[in-house]
Amino acid sequence: MPRKEGQKLKLMTLLEILSRETDEQHPLSVPRLVELLRERGVDAERKSVYDDIQTINEIPDARFEIVQQRGRGGGYYMTDTPFEFAELKLLVDAVWASKFITARKSRALIDKLGQFTSRYRQAELDRTVLVSGRIKSQEEKILYSVDALHRAITAGRQVQFQYCDWDLNKQMTPRHGGQVYQVSPWALVWENGNYYLIAYTEGHLRHYRVDKMLGVTPLPDTKREGADEYAAFDVNAYTQQMFGMFNGQVKKVTLRCENRFVGAMIDRFGTGPSLVPCTGGDKFAITVDVQISPQFFGWVAGFGPGVEIIAPAEVRAEMRKTLDTLETLYR
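Now for a quick tour of the structure.

In a beta sheet, neighbouring strands pair by backbone hydrogen bonds and run either parallel or antiparallel. Read from one edge to the other, the open sheet built from 4 strands follows the order β10-β11-β9-β12, with strand pairing classed as antiparallel. Of all strands in the sheet, those bounded by a partner on one side alone are β10 (275-277) and β12 (307-311). Neighbour-to-neighbour, the strand axes of this sheet turn through a mean angle of 35 degrees, independent of strand direction. Across 3 bridges, the pairing between β10 and strand β11 (residues 283-291) is antiparallel. Bridge assignment links Pro277 to a residue of β11, and that residue is Phe284. Along the sheet, helix α10 (residues 262-269) makes contact with β9 (250-258), β10, β11 and β12, crossing β11 at roughly 20 degrees.

Shown next, in the form of structure tokens:
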């Protein structure tokens, strides 16, 4: 092997050892580094390892540094890897909390993330985030559906798929006897733990839950439609208007809320809408655009007497009708 190539292999192997076998609590002495290099088939001398460590630390714009820890039990360790350890923990938590990723795929992804830190710290990443009410998916097809949709969006193509619902046998059954949907995909939205596709079809932008889409296929000989509609589309406003991603007519609704629910309103609608103090000072009013649906009324009812619809009159009347229906049901 030419000397230049041998030196490159030596540096790469040393870098791999330092990234996987060291951290602040586990430094390695130079003699031990020489041993580990030889175990990997790379001959090295102590003096050359010191030079190699200096060479690694001189790599421009590197996000890591090899630090010497002096004293008894000291040695060299890598301070940072491409991800800070706190960043890796955050990514691991997100993987575990994502209900559309199967448990098997979650473990595989976390194992891959663990390769970006030392093997000692990797054990700390092997943890399960407990999310109330979160059931991990049993299917991995959604990963391939998301990939297909991204490819279609990037290429500006239409896609086709079947859209499904759960039946009493806990199986996904295509709607309308297996009808094939053909739409123009524009964006993927993450909302309430689910992926949704925003797509143009039949003159409108609609949304579809990706885990209910079967056989997602980009259509290479098609051109995506709805560019003008999507240019005027505000994804954030759209998701704030919707409750549980159920469609409904958009109306401007005014809510009167107890002051203790300021945080809940900001969480739902963001910081854009004005919070107007009401007479007495213990309540405020907020006016927002909302897609009217049974889920919206259920959300309001969840606050009890703390949140009240005060306008428009027809939405207030519809809320009252919903409550009357429920009262009859539970009488």
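Moving on from the coordinates now.
Attention now goes to the packing of helix α11 (residues 294-301) against helix α12 (residues 313-330). Between α11 and α12, whose axes approach to 10 Å, the crossing angle comes to 80 degrees. Taken together, α11 and α12 sit at an angle that is classed as roughly perpendicular. When α11 is examined against α12, the residues Phe296, Phe297, Val300 and Ala301 are found in contact with a partner set consisting of Val315, Glu318, Met319 and Thr322. Its residues placed into classes, the contact of α11 with α12 shows 6 nonpolar, 1 polar and 1 charged.

Right, let's get into the pattern of salt bridges. Throughout the structure, instances matching the rule amount to 14 salt bridges. Between Asp289 and Lys252 there is a salt bridge whose closest N-O contact spans 3.1 Å. Of this pair, Asp289 sits in strand β11 while Lys252 is found in strand β9, placing the two residues 37 residues apart along the sequence. Its relative accessible area of 33% is what places Asp289 among the partly exposed residues. For Lys252, a relative accessible area of 54% gives the class exposed. Here Arg256 ties to Glu308 by a salt bridge, and the two come within 3.1 Å at their closest N and O atoms. Of this pair, Arg256 sits in strand β9 while Glu308 sits in strand β12, and the two are 52 residues apart along the sequence. Exposure remark for Arg256: the relative accessible area of 30% places this residue in the partly exposed category. Where salt bridges share partners, they join Glu16, Glu21 and Arg40 into one cluster.

This part is about the environment of Tyr181. Checked against the element boundaries, Tyr181 lands in strand β5 (residues 180-191). Overall, the relative accessible area of 12% leaves Tyr181 in the buried class. When sequence neighbours within four positions are dropped, the list of residues in contact with Tyr181 reads Val159, Gln160, Phe161, Tyr163, Arg175, His176 and Tyr208.

Attention now moves to the environment of Tyr77. With respect to the helices and strands, Tyr77 occurs in strand β2 (residues 75-78). For the pair Tyr77 and Glu65, spaced 12 residues apart in sequence, the C-alpha separation works out to 8.3 Å. Those residues in contact with Tyr77, other than ones at most four positions away along the chain, are Thr22, Asp23, Glu24, Pro27, Glu65, Ile66, Val67 and Gln69.

Looking now at a nonpolar patch on the surface. On the surface, Leu323, Leu326, Leu329 and Tyr330 cluster together into a nonpolar patch covering about 470 Å² of accessible area. Within the fold, Leu323 resides in helix α12. Note on Leu323: relative accessible area 42%, which makes it partly exposed.

It is worth spelling out the packing of helix α2 (residues 30-39) against helix α3 (residues 46-57) at this point. Describing two packed helices takes the angle between their axes plus the distance from one axis to the other. Where α2 meets α3, the closest approach of the two axes is 9 Å, and the angle between their N-to-C directions is 95 degrees. Overall, the two elements α2 and α3 adopt an arrangement that is roughly perpendicular. Across the interface between the two elements, Val30, Pro31, Leu33, Val34 and Leu37 of α2 pack against Arg46, Val49, Tyr50 and Ile53 of α3.

What follows concerns the nonpolar core. Counting 20 residues, the largest nonpolar core has Leu255, Met265, Phe296 and Ile309 as the members making the most contacts within it. Only β9, α10, β11, α11, β12 and α12 provide two or more residues apiece to this core. Leu18, Ala44, Ile56 and Tyr76 belong to the second largest nonpolar core, which has 17 residues in total.

Rules and cut-offs
- Residues numbered from 1 in each chain as written.
- Predicted model: local features only at pLDDT ≥ 70, side-chain atom pairs only at ≥ 80, totals over all residues.
- Heavy atoms only, no water.
- Pairing = 2+ DSSP bridges.
- Helix = DSSP H or I, 4+ residues; strand = E, 2+ residues; numbered from the N terminus.
- Axes fitted to C-alpha atoms, helices over the stretch in contact; angles between N-to-C directions.
- Contact = heavy atoms within 4.5 Å.
- Parallel < 35°, antiparallel > 145°, perpendicular 65-115°, else oblique.
- Nonpolar A, V, L, I, M, F, W, Y, C, P; charged D, E, K, R; others polar.
- Salt bridge = Lys/Arg side-chain N within 4 Å of Asp/Glu carboxyl O.
- Buried < 20%, exposed > 50% of the residue type's maximum accessible area, 1.4 Å probe, protein only.
- Patch = residues over 30% accessible without salt bridge, like charges linked within 9 Å, V, L, I, M, F, W, Y side chains within 5 Å.
- Areas by Shrake-Rupley, 256 points an atom, 1.4 Å probe, with all protein chains shown as cover.
- Core = buried A, V, L, I, M, F, W, Y, C linked by side-chain atoms within 4.5 Å.

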